[in-house]
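So the chains spell out like this:
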Amino acid sequence: AFKNTLFNFNAGGFFDWLAIHPRGHMAECLLLALLGCIVIFVVSLKRERGVDVAGRWLALPAPVRACAYIVWGFFVAVSFFFTSSAGGMFLYANF
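Residues numbered from 1 in each chain as written. Predicted model: local features only at pLDDT ≥ 70, side-chain atom pairs only at ≥ 80, totals over all residues. Heavy atoms only, no water.

## Concerning the side chain of R65
For step 1, the next point in the chain: Structurally, R65 is set in helix 5 (residues 62-79).
For step 2, the next point in the chain: An unpaired buried charge is present at R65: no salt bridge exists, and D52, the closest side chain of opposite charge, is 12 Å distant.
For step 3, the next point in the chain: Not counting chain neighbours up to four residues away, the residues in contact with R65 comprise W57, L58 and L60. (Helix = DSSP H or I, 4+ residues; strand = E, 2+ residues; numbered from the N terminus. Buried < 20%, exposed > 50% of the residue type's maximum accessible area, 1.4 Å probe, protein only. Lys, Arg positive; Asp, Glu negative; His and termini not counted. Salt bridge = Lys/Arg side-chain N within 4 Å of Asp/Glu carboxyl O. Contact = heavy atoms within 4.5 Å.)

## Overview of helix 3 (residues 26-48)
For step 1, the next point in the chain: For helix 3, which comprises 23 residues, the first-to-last C-alpha distance of 33 Å matches the rise-based estimate of 33 Å (1.5 Å per residue) to within 8%.
For step 2, the next point in the chain: A positive phi of about 90 degrees marks G50, the residue just after helix 3. (Expected span 1.5 Å × (residues − 1).)

## What to know about the packing of aromatic side chains
For step 1, the next point in the chain: In the structure shown here, the tally under the stated rule is one aromatic pair.
For step 2, the next point in the chain: For the ring pair W57 and Y69, a centre distance of 5.7 Å and an interplane angle of 70 degrees mean the geometry is edge-to-face. With W57 in helix 4 (residues 53-59) and Y69 in helix 5, this pair connects stretches of sequence that are 12 residues apart. (Phe/Tyr/Trp six-rings, centres within 6.5 Å; stacked < 30°, edge-to-face > 60°.)

## Remarks on the layout of surface pockets
For step 1, the next point in the chain: In this structure, the largest pocket occupies an estimated 690 Å³ of space.
For step 2, the next point in the chain: Around the largest pocket, the lining comprises 19 residues; the ones closest to its centre are L35, V39, V43, W57 and W72.
For step 3, the next point in the chain: With seven residues, the single largest contributor to the lining of the largest pocket is helix 3.
For step 4, the next point in the chain: Looking at side-chain class alone, the lining of the largest pocket contains 15 nonpolar, two polar and two charged residues. (1 Å grid on protein atoms, 1.4 Å probe; cavity = no way out; pocket = protein on both sides within 12 Å on 5 of 7 lines; lining within 4 Å. Points joined across faces, edges and corners; volume = space filled by probe spheres on them. Nonpolar A, V, L, I, M, F, W, Y, C, P; charged D, E, K, R; others polar.)

Below is the structure:
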C-alpha cells in the first residue's frame, strides 16, 4: 500500500472527489488544521528555547490534564464527521 501511494499516486483523484463531494466543511477542516499547526509551532519554539514542555505538561494538576485530553479527544472525534468516505486514494483505504 505504501509503495502504491508513492509510485502510483494519482492527484487527479482529489479533483474528481472534490467535484463530486460538496465542500461545505472546508472552513472547519482548515480551522482545525490551523489550530494544530499553531500548537506544534508554539511547542517547537518553546523546546528550542530550552523549555521542558513535557515536564511542564506533567506538572499540571491531573484534572487539568484530564480536561485537555477530553478536549483533544473531542476534536479528534469531531474531525471524523467531516469526512464522507476515505476513497481509494489514501494509504489504507482498501484494508
